[in-house]
Amino acid sequence: MALAQHLSIEIRYRQQVDNTREFLLPFLSRSIPLHKGMKVMEIGCGEGGVLLPFIEQGMQVLGVDLNESRIRNATSLCAEAVAQGQATFLYKNVFDQDFLVKYGGSFDLILLKDTIEHIPDQETFIPYLRKFLTKGGSIFFGFPPWRMPFGGHQQICRNKVLGTLPWYHLLPKGLYKGIVKMAGEPQIVVDELMDIKGTGISLGRFERIIRKNDFVVKDRMLFLLNPIYKFKFGWKPIEQAAWLADFPWVRDFFTTAGWYVVGEKNAESAT
Ligand SMILES: C[S@@+](CC[C@H](N)C(=O)[O-])C[C@H]1O[C@@H](n2cnc3c(N)ncnc32)[C@H](O)[C@@H]1O
């Protein structure tokens, strides 16, 4: 059941802007002194709406995405900031050597909002991100844990039942793929669902990668109801109950978003 934001670029952009203004910026400001002139990169920026509120605060932003048409849309939706040199949008793989040479050590804040769950080999990717941080810089990760009711992103299905059915993405891959194909989903949807079955990330695995790579969690919020649902469905965000937020594995089934700010473990002592 494709939702409005799957069909309209403007709706998606507007939801990104509103969600960042109302929830993401206040969350970040709890652990990061946000200020004018800060350098911010969003990996997986889509239409660029997450970055607009940072532009409005006088920050310098770079949006990177592997989807060329979304980068074109971001460039036109944020045209004024692009023309003024305050925003740049690139269709680029951050693993490219020329990208690292140009932007290594450049960013006070890196954002990955609803993106890390699409990126393969997070065990290699997450530590690689430190190459782009300034000393004391931070990384924001926001993602739906893999085992949450719609962690397979099955809401992209055209079929109404499959688009609203929770948790069946946890079935073995062959069976899951068979069900989606039998329901007549187009190949592009089947491929996307199978991709995310390979890359989806749990809260526990994410936190293990962070610890193993000498990052620290500066702040964390887990949500029973993801803040973006306010703009998609009119539902107010609900933070996860404290007892469940620390209940390994089980928490993943009922947590629709995990928001984390992480930084280098030794950033303070190194400066
Ligand atoms: C669900 S969208 C999120 C867009 C936006 N950040 C938001 O919160 O609405 C995920 C985006 O990540 C991009 N993406 C996936 N893998 C990527 C990668 N390795 N590097 C850069 N972007 C990537 C996709 O093209 C897509 O635009």
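Thresholds, definitions, all that
Residues numbered from 1 in each chain as written. Predicted model: local features only at pLDDT ≥ 70, side-chain atom pairs only at ≥ 80, totals over all residues. Near = placed C-beta within 6 Å. Nonpolar A, V, L, I, M, F, W, Y, C, P; charged D, E, K, R; others polar. Pairing = 2+ DSSP bridges. Helix = DSSP H or I, 4+ residues; strand = E, 2+ residues; numbered from the N terminus. Contact = placed C-beta atoms within 7 Å. Axes fitted to C-alpha atoms, helices over the stretch in contact; angles between N-to-C directions. Core = buried A, V, L, I, M, F, W, Y, C linked by C-beta atoms within 7 Å. Buried ≥ 20, exposed ≤ 12 C-beta atoms within 10 Å, placed from the backbone. Expected span 1.5 Å × (residues − 1). Parallel < 35°, antiparallel > 145°, perpendicular 65-115°, else oblique. Left-handed = near helix turned anticlockwise from the far one by under 90°. Right-handed = clockwise from strand over helix to strand, strands pointing away. Domains from an automatic or database assignment.

(A) How the structure looks around the site of the ligand. If you check the shell around the ligand, you find 17 residues, and the closest are G44, G46, N67, K113 and H118. Classifying every residue of the shell around the ligand gives 7 nonpolar, 6 polar and 4 charged.

(B) Seen up close, the sheet that holds strand β8 (residues 257-264). Sheet architecture is open: 8 strands sit in the order β3-β2-β1-β4-β5-β8-β6-β7, paired in mixed fashion. In the strand order of this sheet, the two ends are held by β3 (87-91) and β7 (238-239), each with one partner. Where strand β2 (residues 60-65) meets β3, 5 bridges bridge the pair, whose relative direction is parallel. Residue pairing for β3: V61 is matched across the bridge by A87. Running at roughly 165 degrees to β3, helix α4 (residues 68-77) makes contact with β2 and β3 of the sheet.

(C) Up close: the nonpolar core. Judged by nonpolar contacts, the single largest core of 51 residues is most densely connected at V40, M41, L51, I110, F140 and F141. Setting aside residues no more than four positions away along its own chain, M41 makes contact with L62, V64, F107, I110 and F132. Within the second largest apolar cluster, 6 residues are counted, among which are C157, V189, L193 and I196.

(D) Representation of helix α2 (residues 9-29) within the structure. With 21 residues, α2 ought to run about 30 Å at 1.5 Å a step, and its terminal C-alpha atoms sit 28 Å apart, in line with that. All of the buried residues along α2 are R12, Y13, Q15, Q16, V17, N19, T20, F23, L24 and L28.

(E) Spatial organisation of the pairing of strand β6 (residues 215-225). Examined bridge by bridge, β6 and β8 share 8 bridges and lie antiparallel to one another. Looking across to β8, one finds that R220 is bridged to Y260. Relative to β7, β6 runs antiparallel, the two sharing 2 bridges. If you follow F223 over to β7, its bridge partner there is E239.

(F) Broad picture of the packing of helix α9 (residues 173-182) against helix α10 (residues 187-199). For the pair α9 and α10, interaxial distance at closest approach is 10 Å and the crossing angle is 160 degrees. It follows that α9 is roughly antiparallel to α10 by the angle criterion. Crossing hand, α9 versus α10: right-handed. Taken together, the residues of α10 that come into contact with α9 (itself represented by K173, Y176, K177, V180 and K181) are V190, L193, M194 and K197. A breakdown of the residues in the contact of α9 with α10 according to their chemical character gives 5 nonpolar, no polar and 4 charged.

(G) Highlighting the environment of I196. Tracing the backbone shows I196 in helix α10. Here I196 falls in the buried class, since 20 other C-beta atoms lie within 10 Å of it. Beyond its immediate stretch of four places on either side in the chain, I196 contacts E117, H118, G152 and H153.

(H) Main features of the pairing of strand β4 (residues 107-113). For β4, the buried fraction is high: 7 of the 7 residues fall into the buried class. Relative to β4, strand β1 (residues 39-43) runs parallel, the two sharing 3 bridges. Counterpart to M41 in the pairing with β4 is I110. Of the crossover connections in this fold, the one passing from β4 over helix α7 (residues 122-128) to the parallel strand β5 (residues 133-143) is right-handed.

(I) The arrangement of the domain arrangement of the chain in detail. Structurally, the chain comprises domain 1 (4-148 + 202-264) and domain 2 (154-198). For domain 1 and domain 2, the distance between their C-alpha centroids amounts to 25 Å. Contact with domain 1, which involves 5 residues of that partner, is made by 4 residues of domain 2. Here the residues of the side of domain 1 that touches domain 2 are counted per class, giving 1 nonpolar, 2 polar and 2 charged.

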